[in-house]
Amino acid sequence: MAVLSKIRQHSAIMIGVIALALFSFIIQDLFTKGNFGKSSKDVGSINGKDIAFEDFRIKVSNVEKSGQGITSTEASRRVWDQEVTIALLSAEFDKLGLRVGEKHIMDVLKADQNIGKNPMFLNAAGMFDVAKFKEYFKSNPEQAQYLKDREKDAELNAKYQIYSTLVKSGIYTTESEGKFNYETASNKVNFSYVAALFSTIKDSEVKVTDAEIVDYMKASPKKFKSDETRKIEYVLIEDKASPADVNEVKTKVNSLLTGSVVYNQATGKNDTLAGFKNTKNVIEFVNSNSDVPYDSSYVAKKDLPAVDADALYNLAPGAVYGPYVFGKYYCISKSLGRKAGVNAKASHILIGYEGSQTPNTKEKRTKEEAKEKAESILAQVNANPESFLMLAFTNSDDSSAQQGGDLGYFGPNQMVKPFNDFVFNNGIGKVGLVETQFGFHIIKITDKQDGIRLATVAQKIEASEATSDKVFTQATKFEMDVAEKDFDKTAKEMGLVVAPEATVKAMDENFGSLGNQRTIVRWAFEKDSKEGATKRFEVANLGHVIAKVKSIDNSGLVPVDQARPYVESILKNKKKAEILKAKMSGSSLEAIAKATGSSVQQANNVTLENPVLTGGVGQEPRVVGNAFALAANKLSAPIEGVTGVYVVKNTSTVKAPALKSYADNVAKLKAQSASDANRVLPALKEGADIKDNRKEFNY
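Residues numbered from 1 in each chain as written. Predicted model: local features only at pLDDT ≥ 70, side-chain atom pairs only at ≥ 80, totals over all residues. Heavy atoms only, no water.

(A) Layout of the pattern of salt bridges. A complete count under the given rule lists 36 salt bridges for this structure. Residue Lys-95 pairs with Glu-92 through a salt bridge whose shortest N-O separation is 3.3 Å. In this pair, Lys-95 and Glu-92 are both assigned in helix H4 (residues 72–96), 3 residues apart and thus about one turn of the helix distant. By relative accessible area, Lys-95 is classed as exposed at 66%. When its relative accessible area of 17% is taken as the criterion, Glu-92 is described as buried. Ionic pairing is found between Lys-240 and Glu-238, a salt bridge with its closest N-O pair at 3.8 Å. Glu-238 gets classed as partly exposed once you look at its relative accessible area, which sits at 39%. Through salt bridges with shared partners, a single ionic network connects Lys-231, Glu-501, Lys-550 and Asp-561. (Salt bridge = Lys/Arg side-chain N within 4 Å of Asp/Glu carboxyl O. Helix = DSSP H or I, 4+ residues; strand = E, 2+ residues; numbered from the N terminus. Buried < 20%, exposed > 50% of the residue type's maximum accessible area, 1.4 Å probe, protein only.)

(B) View of the sheet that holds strand S2 (residues 49–52). Overall, antiparallel pairing links the 3 strands, which are arranged S2-S1-S21 in an open sheet. Either end of the sheet is taken by a strand with one partner, and the two such strands are S2 and strand S21 (690–692). Geometrically, the sheet is characterised by an average inter-axis angle of 20° between neighbouring strands, direction not taken into account. Of the strand pairs in this sheet, strand S1 (residues 42–46) and S2 are connected by 4 bridges, and their pairing is antiparallel. Each bridged residue has a counterpart across the sheet, and for Ser-45 the counterpart in S2 is Asp-50. Against the sheet, helix H3 (residues 53–64) makes contact with S1 and S2, and its axis sits at roughly 55° relative to S2, the strand it touches most. In the packing of H4 onto the sheet, the strands contacted are S1, S2 and S21, and the crossing angle to S1 comes to about 35°. (Pairing = 2+ DSSP bridges. Axes fitted to C-alpha atoms, helices over the stretch in contact; angles between N-to-C directions. Contact = heavy atoms within 4.5 Å.)

(C) Structural detail: unusual backbone geometry. With an omega of 5°, the peptide bond running from Gly-322 to Pro-323 counts as cis. Inspection of the secondary structure assignment puts Pro-323 in strand S8 (residues 320–326). Even without being glycine, Asn-413 reaches a positive phi, approximately 70°. Here Asn-413 is to be found in the loop between strand S10 (406–410) and helix H16 (417–424).

(D) Structural view of the packing of aromatic side chains. Scanning all chains against the criterion turns up 23 aromatic pairs. Ring plane angle 45° and centroid distance 5.9 Å describe the contact between Tyr-353 and Phe-440, whose orientation is recorded as tilted. Highlighted residues: Tyr-353 in the loop between strand S9 (329–351) and helix H14 (367–383) and Phe-440 in strand S12 (residues 439–460), separated in sequence by 87 residues. Here Tyr-353 and Phe-440 have matching classes, each one buried. With centroids separated by 5.6 Å and ring planes inclined at 70°, the aromatic side chains of Trp-523 and Phe-537 adopt a geometry described as edge-to-face. With Trp-523 in helix H19 (residues 518–524) and Phe-537 in strand S14 (residues 534–539), this residue pair connects regions lying 14 residues apart in the sequence. Given the relative accessible area of 6%, Trp-523 is considered buried. Judged by relative accessible area, Phe-537 falls into the buried class, the value being 7%. Every member of this aromatic cluster is reached through a ring pair, and the members are Phe-121, Phe-128, Phe-133, Tyr-136 and Phe-137. (Phe/Tyr/Trp six-rings, centres within 6.5 Å; stacked < 30°, edge-to-face > 60°.)

(E) Spotlight on a nonpolar patch on the surface. A cluster of nonpolar side chains, Leu-389, Met-390 and Phe-393, forms an exposed patch at the surface whose accessible area comes to about 310 Å². Examined against the element boundaries, Phe-393 turns out to sit in helix H15 (residues 388–395). Overall, Phe-393 belongs to the partly exposed group, its relative accessible area being 39%. (Patch = residues over 30% accessible without salt bridge, like charges linked within 9 Å, V, L, I, M, F, W, Y side chains within 5 Å. Areas by Shrake-Rupley, 256 points an atom, 1.4 Å probe, with all protein chains shown as cover.)

(F) Fine view of the environment of Ala-455. Relative to the helices and strands, Ala-455 resides in strand S12. Residue classification places Ala-455 among the buried residues on the basis of a relative accessible area of 0%. Spatially, the C-alpha atoms of Ala-455 and Lys-49 are 64 Å apart, while their sequence positions differ by 406 residues. Setting aside chain neighbours within four positions, we find Ala-455 in contact with Phe-276, Val-282, Val-286, Tyr-294, Ile-332, Ser-333, Lys-334 and Leu-336.

(G) Structural context of helix H23 (residues 663–672). Those residues of H23 not exposed but buried are Asn-665, Val-666 and Leu-669. Across the axial projection of H23, the buried residues extend over an arc of 100°, all falling on one side. Exposed and oriented more than 90 degrees from the buried face of H23 are Asp-664 and Ala-671. Packing partners of the buried residues in H23 comprise helix H9 (175–186). (Arc of directions from axis to C-beta.)

(H) Highlighting the pairing of S9. With respect to burial, S9 is a largely interior element, 17 of its 23 residues being buried. Where S8 meets S9, 5 bridges bridge the pair, whose relative direction is antiparallel. Considered in S9, the bridge of Tyr-324 is made with Cys-331. As defined by bridge partners, S9 adjoins S12 across 18 bridges and the pair is classed as antiparallel. Bridge pairing links Ile-332 to Val-457 in S12. Relative to S10, S9 runs antiparallel, the two being bridged by 3 bridges. Of the residues in S10, the one forming a bridge with Lys-345 is Tyr-409.

Dropping the structure here:
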């Protein structure tokens, strides 16, 4: 309404503005359609292989239509990840010369339940029939493209199976590795040491600059690799009801309680309109005066507004309560009576069988075997009701097993009919057995809730047109002022609060604390959005966001403020180490201990596998490794450890006896490396030349 009001007031000016806007839009559209507005016609490339935008767009559209309710940005992210994965792996398949035949492809297709278990493709014995499968697509040429697409996917899948097998076969553990593993756990070292801990120097005594953090990241660019980012500062001016708006709604709701007298032009007389308290047709009154239509359902006490739940739940039939605030509404409610058992709480133990719709059964069983087991469990529960929880935990095929079978509260018809009928037709404590399409359920009714039916007049508390106009004017003024003036200072002068700045990447959807605001993020990465660019956004159900691009980071490294919590402590310890090393002079441990104000300590029977120093120091692998490397009675140079700087003196090294076989250690290492094959794809991505142009195509 605020925008409409402005148009009415300045219609002549607005017509000119609209004409210019339309002209610029047409020009922009011409350039966009001719690809002059984009630096590439491709959505990206992987190792020089381009991904055409049109093909990418179709795939994204198909994902959006999948019914999962995901955004176009999330859909593009999924398709992009898939395209990168396929491109990288396909290149590897080609390098190795992998080929797959029809049988391998058919095996992959059969593994799909929609194909392998489809009745159309099964023979009399219930087995998949390749001839039937081929005949179907031969008789239905309109489905040929579907099969072609599936075969293409199956071919990739088949090649990946071969590739994965090759990679796993290439991961092996040698006898030497097994021997080394044995020795790290069994060889022991005894040594004396002096520890000058980092904690003895205050953090305030060593400073780490942003430049030092950047230099540290540049030394390991892959570790700190990041997409281009923007820092955005912004102000939110909420379009919300003023105190005057709130009072107006409250007064209006109050006036509905007792009725009113209005002049009837047709009769020339005054008519008395019934109020909420004495109206004869409550439902019609609610639907005529409420922003929320009448709801005939009974409501349990737990589902009523928390502050007013007791008063509402205990209302006598016909009694009225209110006004009260519930969320963004002012409400008055009248009780239309109570009903017992509107919600129920139950626990169950589900025993599924082959052919039932149970997602995952703990063991294979026939329907007859499932029924026999369910009856046996029912007998155990009847004999000892307290055993239900443990029996559910150990036997139920439902995910609720982890909660002892507890399903929580639910209303009528939320469960399948046999389950629903048992629960709502029996009392608390009743235990029984019912069969559904999911299997056999041993059910225990644990609680029921009464409910109250309320007729509620609810009027929304929202900004009036006058309030929205003021907000619009304030937001527009702020937008114009900060284009030339300091953002924080201008906000302070206007009594506005600057939100914590948001750091965003090109494909982010979330913006600061405002949640999904993809429009703002997209604007921040437009070519015209240089440092200092500002823009106002109208955000539905929220108000106006005035954003300013504070800084642009295209260094390829994570922002300093994000890296600082991790890097700062490392760099501070390095600086502390130099200070401590300067103090650690002397030809003996005793002299070094005196110079550092510490003492000589002992470490006994320490291994490389568990390089822990006692006294709260913790793991110090570098210190222990140096102790092993020293000859007996030799003193080390200062060693930078995890918690401080150490000087050690080897007392003795005790080597474990050699074994005839290190098979157990080899087996242990093999188990630890079982998942190493999963590191292939991340490694391929890290070494690939990947160009992502999605931000240029409004995703």
